[in-house]
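# Tertiary structure, described
Spelled out, the chains give:
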Amino acid sequence: MALSTEVVQQIVNRLKAVDTQTLIYQTIAADRIGKRLSSEEISRKIDIAEQLAKQLVHHYKDTLKLETVEQLVAYLKLNVEFREEKIEEYFAIIGFFESPNRIVVNNVYRQNDVFWLAHGLPECTFERWSQVVIAHEAFHAIQEQKKLDLSEFETELWQFAGFKKRSPITALIEVVANYFAQYYTGFELYPALLDNVALLPLYPEGVSEQVSSLS
């Protein structure tokens, strides 16, 4: 179905109005490992994730004067590759990090820029949000290169005869990456919502329904 400009702008405004803290909390509480945490632990670790992201942004952007994502990528000696990856209606591959130094951004969404410009929303174009994706994946490069201490984002799975098994809560590490990308770029939307922006021009009905269900 074709969406009117009014409807498209309403969808984007709804995404902008999403309560980030609630969204993150619900994501962690529903996670296979994260759901082991108490409500208080989830809230505390979300705060820690945000503070870590702010510290990293301050270090790279303010202290080292790497004011753009491009400068950050160059400093970290990363290669950014734009290539087309398969997409599905409810699963958007927008980018990923390939160790040790490659960031891949799904170039298939570049075609959607005509849609966003036609509806008066240049902030939703690929050219704009791809920088957020690159910043997100740059965090994962920093995570690997600098061996970040992410023990706060682990939880104990079991304990037996003096042995303990701990596991990282990947969903919380993604929160750090998302906050890092958002604060580095100043992007208005929380990056976890970018899937909706990427897929709306391609699957308007499904994405519209999904966005309407967000808190």
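Our subject in this report is the structure included herewith.

Parameters and conventions
- Residues numbered from 1 in each chain as written.
- Predicted model: local features only at pLDDT ≥ 70, side-chain atom pairs only at ≥ 80, totals over all residues.
- Heavy atoms only, no water.
- Pairing = 2+ DSSP bridges.
- Helix = DSSP H or I, 4+ residues; strand = E, 2+ residues; numbered from the N terminus.
- Axes fitted to C-alpha atoms, helices over the stretch in contact; angles between N-to-C directions.
- Contact = heavy atoms within 4.5 Å.
- 1 Å grid on protein atoms, 1.4 Å probe; cavity = no way out; pocket = protein on both sides within 12 Å on 5 of 7 lines; lining within 4 Å.
- Points joined across faces, edges and corners; volume = space filled by probe spheres on them.
- Nonpolar A, V, L, I, M, F, W, Y, C, P; charged D, E, K, R; others polar.
- Salt bridge = Lys/Arg side-chain N within 4 Å of Asp/Glu carboxyl O.
- Buried < 20%, exposed > 50% of the residue type's maximum accessible area, 1.4 Å probe, protein only.
- Parallel < 35°, antiparallel > 145°, perpendicular 65-115°, else oblique.
- Left-handed = near helix turned anticlockwise from the far one by under 90°.

## Structural notes on the sheet that holds strand 3 (residues 102-106)
Read from one edge of the open sheet, three strands run 1-3-2, paired in mixed fashion. Only two strands of the sheet have a single partner each, and these edge strands are strand 1 (79-83) and strand 2 (95-98). The sheet shows a mean angle of 20 degrees between the axes of neighbouring strands, direction not considered. Here strand 1 runs beside strand 3; their pairing, made up of five bridges, is parallel. Residue pairing across strands places Phe82 opposite Val105, the latter belonging to strand 3. Across the sheet, helix 6 (residues 126-145) is in contact with strand 1, strand 2 and strand 3; its angle to strand 3 comes to roughly 150 degrees.

## Details of the layout of surface pockets
The computed volume of the largest pocket comes to approximately 700 Å³. If you go around the largest pocket, you meet 27 residues; those closest to its centre are Asn178, Pro191, Ala192, Leu193 and Asp195. Mapped by element, the contributors of at least two residues to the lining of the largest pocket are helix 2 (20-30), helix 6, helix 7 (170-185) and helix 8 (194-199). In terms of residue count, the dominant contributor to the lining of the largest pocket is helix 6 (five residues). Residue classes in the lining of the largest pocket are distributed as 16 nonpolar, seven polar and four charged.

## Some words on the pattern of salt bridges
Going through the model one piece at a time under the given rule, you end up with 12 salt bridges. Between Lys16 and Glu123 there is a salt bridge whose closest N-O contact spans 3.3 Å. Highlighted residues: Lys16 in helix 1 (residues 5-17) and Glu123 in the loop between helix 5 (113-118) and helix 6, separated in sequence by 107 residues. Judged by its relative accessible area of 29%, Lys16 is partly exposed. Taking the relative accessible area as the measure of exposure, Glu123 reaches 29% and is therefore partly exposed. For Lys16, the salt bridge is made with Glu188, and the minimal N-O distance between the two is 3.6 Å. Taken as a pair, Lys16 in helix 1 and Glu188 in the loop between helix 7 and helix 8 lie far apart in primary sequence, 172 residues in all.

## Brief notes about the pairing of strand 2
Residues Gly95 and Phe97 point to one face of strand 2 and are all buried, whereas Phe96 and Glu98, pointing to the other face, are not buried. Note that strand 2 and strand 3 share four bridges and pair antiparallel. Opposite Gly95, over in strand 3, you have Val105 as the bridge partner. Connecting the antiparallel pair strand 2 and strand 3 is a turn made up of three residues.

## Some thoughts on the packing of helix 2 against helix 3 (residues 39-63)
One way to put it is that helix 2 packs onto helix 3 with a least axis distance of 10 Å and a crossing angle of 120 degrees. Our classification of the angle between helix 2 and helix 3 gives oblique. Where helix 2 crosses over helix 3, the two elements pack in a sense that is right-handed. For the pair helix 2 and helix 3, the contacting residues are Gln21, Ile24, Tyr25, Ile28 and Ala29 in the first and Ser39, Ile42, Ser43, Ile46, Asp47 and Glu50 in the second. Each residue belonging to the contact of helix 2 with helix 3 can be placed in one class, and the counts come to six nonpolar, three polar and two charged.

## Points about the environment of Ile87
Within the element layout of this structure, Ile87 appears in the loop between strand 1 and strand 2. Classification of Ile87 by relative accessible area gives buried; the value is 17%. For Ile87 and Tyr109, which are 22 residues apart along the polypeptide, the C-alpha to C-alpha distance reads 9.6 Å. Excluding its chain neighbours within four sequence positions, the residues that come into contact with Ile87 are Ile93, Asn106, Val108, Tyr109, Leu199, Leu202 and Tyr203.

## Here we look at unusual backbone geometry
Residues Ser99 and Pro100 are joined by a peptide bond in cis, for which omega reads 10 degrees. When you line up the elements, Pro100 lands in the loop between strand 2 and strand 3. In this structure, Lys65 is a non-glycine residue whose phi angle is positive, near 60 degrees. Phi at Lys77 is positive, roughly 60 degrees, even though this residue is not glycine. Classification of Lys77 as exposed rests on a relative accessible area of 64%.

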